[in-house]
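Structural characterization, general
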Amino acid sequence: MINIVGARPNFMKVAPLHRAFSRHKDIESLIVHTGQHYDFQMSGIFFHQLDLPEPAYFLGVNNGSHAQQTAGIMLEFEKVLVAEEPDLVLVVGDVNSTLACALVAVKMHIPVVHVEAGLRSGDRKMPEEINRIMTDAIADQLFVTEHTAVLNLLKENIPTAKIHFVGNVMIDSLLYCLRSLDRLVKSEDEQVELENYILLTLHRPANVDKSAVLIKVLETIRKLTQLQKVIFPIHPRTLKNCEALGLDADLGKIKNLEMIRPQGYREFLELTRDAALVITDSGGIQEETTFLQVPCITLRESTERPVTVEVGTNHLLPDWNAESVLHLAQQIINGACKQGRIPELWDGHAAERIVTILREKYINSYVCDHKRQPSDL
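What this report covers is the structure whose coordinates are included nearby. (Residues numbered from 1 in each chain as written. Predicted model: local features only at pLDDT ≥ 70, side-chain atom pairs only at ≥ 80, totals over all residues. Heavy atoms only, no water.)

Enumeration over the complete set of coordinates arrives at 21 salt bridges. A salt bridge links Lys-79 to Glu-76, with the nearest nitrogen and oxygen atoms 3.2 Å apart. A residue pair is termed a helical-turn pair when its members lie 3 or 4 positions apart in one helix, as Lys-79 and Glu-76 do in helix α3 (residues 66–84) at 3 residues. A relative accessible area of 53% places Lys-79 in the exposed class. The residue Arg-132 makes a salt bridge to Glu-304 at a minimum N-O spacing of 4.0 Å. Note that Arg-132 is positioned in helix α5 (residues 127–138) and Glu-304 in the loop between β12 (296–298) and α14 (307–310), a separation of 172 residues in sequence. Exposure class is identical for Arg-132 and Glu-304. Each is buried. Each of the salt bridges in this network shares a partner with another, and the network as a whole consists of Lys-13, Asp-94, Glu-116, Glu-129, Arg-132, Glu-287, Arg-300, Glu-304 and Arg-305. (Salt bridge = Lys/Arg side-chain N within 4 Å of Asp/Glu carboxyl O. Helix = DSSP H or I, 4+ residues; strand = E, 2+ residues; numbered from the N terminus. Buried < 20%, exposed > 50% of the residue type's maximum accessible area, 1.4 Å probe, protein only.)

Shown next, in the form of structure tokens:
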């Protein structure tokens, strides 16, 4: 069994799966890191915080256009498959690494497992949406986090036998790490005072790649800081674009704004848990805030995680501007926020369900068919 990680969200999804696989002697679980996120704060720190072993392979493909990155990962991953000859390849989420490794495995006739399948935003301008659709079309087993994902796959003529509603492995990691938050020791420059604050994260191209939108972001931050302190762990992409457009100096002048470097998973989880409000364009953070019962505003036209809006604490704000964000934030902070609930099967046991299903399909069935012990996955 080979598990693929590449970008920040992948680590939280693979960590509980690797732990669950490792509890079975008849499964050998290897981790391949494509290198898609190569900054220590964006990837390396997660191996330590999530108790992941060092990857068996590091492909080091970390730059270039979407096409260059995808092609580079495919070329390097093919070498891994030739060397290891695995029985299964497991991919998670919707990043370039997910699609690239799935394509290579399928063409080499190796079954592909996609965890977090079926999510759809309906926006094909998002590269993640293309990655999701294509990976689901070629995967052999699809594990989903919410009921709308099942419906999406059925509409795309995916056979029912391939679809498994198991819950959310992101929540498995969240619960695993919550236990250690109170024991977390931070260095002096990472201390954040415990007070009412708004937590802001933005990294998607639609919000940070164009000067007109970044100027709108700055105006939104100025207004929000009049309401409460804003803590902004600034993504490398966002910082790079601000610097290129000469907006970083303007950001630095905003009072009541605390810009900090990208945080480790546990540190960010603590910031999220204690926030009065989270404003984001991240998919995973929509899920985390829903589970933690923290109000969230998502600055996007659509979401691939509708359960966080329909059931959880998430408010989708399309076609947003500084005034609309401020108005909604003010309502939420004043107590006029919806009381969300935790979605079905978001209980910390999704990885166990996935392993049970995979063992039944690829180990137990093999033993029954061949009347002998299987080779390791």
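So, next bit.
A few words now on helix α6 (residues 147–155). Buried within α6 we find Ala-149, Val-150, Asn-152 and Leu-153. Buried residues in α6, looked at end-on, bunch into an arc of 160°, giving them a common side. If you follow the buried residues of α6, they end up packed against α5, β6 (141–144) and β7 (163–165). (Arc of directions from axis to C-beta. Contact = heavy atoms within 4.5 Å.)

Further remarks concern the packing of aromatic side chains. In this structure the tally under the stated criterion is 1 aromatic pair. Measuring from centroid to centroid gives 5.2 Å for Phe-11 and Phe-47, while their planes differ by 70°, and the two rings are edge-to-face. Of this pair, Phe-11 sits in helix α1 (residues 8–22) while Phe-47 sits in helix α2 (residues 40–49); the two residues are 36 residues apart in sequence, bridging distant segments of the chain. Arg-19 extends its terminal NZ or CZ atom over the ring of Tyr-176, reaching a point 3.6 Å from the ring centre. One residue, Lys-216, lies across the ring of Trp-320, its end atom 4.2 Å from the ring centre. (Phe/Tyr/Trp six-rings, centres within 6.5 Å; stacked < 30°, edge-to-face > 60°. Lys NZ or Arg CZ within 6 Å of the ring centre and 35° of its normal.)

So, about the nonpolar core. In globular proteins that are soluble, nonpolar side chains generally tend to be buried together. Judged by nonpolar contacts, the single largest core of 52 residues is most densely connected at Leu-17, Leu-50 and Val-115. Ranked by the residues each element gives to this core, the list is headed by α1, at 7 residues. Beyond its immediate chain neighbours, meaning those up to four positions away, Leu-17 contacts Leu-90, Val-92, Val-115, Val-169, Ala-351 and Ile-354. Membership of the second largest hydrophobic core comes to 29 residues, among which are Leu-81, Ile-110, Leu-142 and Leu-153. (Core = buried A, V, L, I, M, F, W, Y, C linked by side-chain atoms within 4.5 Å.)

Let us now look at the packing of helix α7 (residues 169–178) against helix α13 (residues 283–292). Where α7 meets α13, the closest approach of the two axes is 10 Å, and the angle between their N-to-C directions is 55°. As far as their axial angle goes, α13 and α7 are oblique. Helix-helix and strand crossings are classified by hand; for α7 and α13 the assignment is right-handed. Within the contact between the two elements, α7 uses Met-170, Ile-171, Leu-174, Leu-175 and Leu-178 and α13 uses Gly-284, Glu-287, Glu-288, Phe-291 and Leu-292. For the contact of α7 with α13, a count of residues per class yields 7 nonpolar, 1 polar and 2 charged. (Axes fitted to C-alpha atoms, helices over the stretch in contact; angles between N-to-C directions. Parallel < 35°, antiparallel > 145°, perpendicular 65-115°, else oblique. Left-handed = near helix turned anticlockwise from the far one by under 90°. Nonpolar A, V, L, I, M, F, W, Y, C, P; charged D, E, K, R; others polar.)

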